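Examination of the molecular architecture
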Amino acid sequence: LTEQKGLHFLLDAMARCRTRPTLEVVGAGRVDDRALREKAAALGLADRITWSPILPQAELAKRYREALALVIPAIEEGLGLTAIEAALSETPVIAFASGGVVDAIVDGETGILVPPRDTALLAAAIDRLVSDPDSGARLGRAGRRFANSAGSCAPCSSNRSAGSAISCARNCGN
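Residues numbered from 1 in each chain as written. Predicted model: local features only at pLDDT ≥ 70, side-chain atom pairs only at ≥ 80, totals over all residues. Heavy atoms only, no water.

Re the overall build of the chain
- When helices and strands are tallied, the chain shows eight helices and five strands.
- For the chain, the sequential pattern of α-helices and β-strands runs α-β-α-β-α-β-α-β-α-β-α-α-α.
- By residue count, 45% of the 174 residues in the chain fall in the buried class.
- Within the chain, residue pairs in contact and separated by at least 24 positions form 60% of the contacts whose partners lie at least 6 positions apart.
- For the chain, the accessible area works out to roughly 8800 Å², and carbon and sulfur atoms hold 50% of it. (Helix = DSSP H or I, 4+ residues; strand = E, 2+ residues; numbered from the N terminus. Buried < 20%, exposed > 50% of the residue type's maximum accessible area, 1.4 Å probe, protein only. Contact = heavy atoms within 4.5 Å. Areas by Shrake-Rupley, 256 points an atom, 1.4 Å probe, with all protein chains shown as cover.)

Spelled out as structure tokens, the structure:
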């Protein structure tokens, strides 16, 4: 839960939401997250947030499937592997258009991308999926198809990097 992960942006966005979404923060306790917990309390969000430790992969996949969406408020998130994991579970992703996430999400088709640090648009995207779960389900299904196709085209089959595989799927249309 380092500052790069952008949880402070997500807390600000949740405070702006018209709906009252809940949040599970996975990875709590790895670093001192006291300031984030205090911020959540100051924003009146404490009762809507569950702080969970790092989870085993099987449990994490289960949580993805149960979630309405995965929100990635990170700035310059590496390869976007978390977005791919969520997509494989048909969980729609809302993220800042930053770093490797832009290769893992096709805005409006497999998830929702918003400009980095724009908590008003992040809140609007969350509200959209809370208010219209069918829209989220469509994004999730499309995200799974997109993630499954990544790297499946013959010219790209030797490429082992996740980010490059996603770019290949986008360019080859598989």
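Let's pick the thread back up.
Focus: empty space enclosed by the protein
- Counting across every chain of the model gives one cavity of 30 Å³ or more.
- Taken as a whole, the largest cavity spans an internal volume of roughly 50 Å³.
- Around the largest cavity sit 10 residues that line it, and Ala87, Ala104, Gly143, Phe146 and Ala147 are the ones nearest its centre.
- Secondary structure elements with two or more residues in the lining of the largest cavity: α4 (81–88) and α7 (133–149).
- Class assignment for the residues of the lining of the largest cavity results in eight nonpolar, two polar and no charged. (1 Å grid on protein atoms, 1.4 Å probe; cavity = no way out; pocket = protein on both sides within 12 Å on 5 of 7 lines; lining within 4 Å. Points joined across faces, edges and corners; volume = space filled by probe spheres on them. Nonpolar A, V, L, I, M, F, W, Y, C, P; charged D, E, K, R; others polar.)

Brief notes about α7
- Compared with an ideal rise of 1.5 Å per residue, which puts 17 residues at 24 Å, α7 spans 24 Å between its outermost C-alpha atoms and is within 8% of the ideal.
- When α7 is considered as a whole, its buried residues turn out to be Ser135, Gly136, Leu139, Gly140, Ala142, Gly143, Phe146, Ala147 and Ser149. (Expected span 1.5 Å × (residues − 1).)

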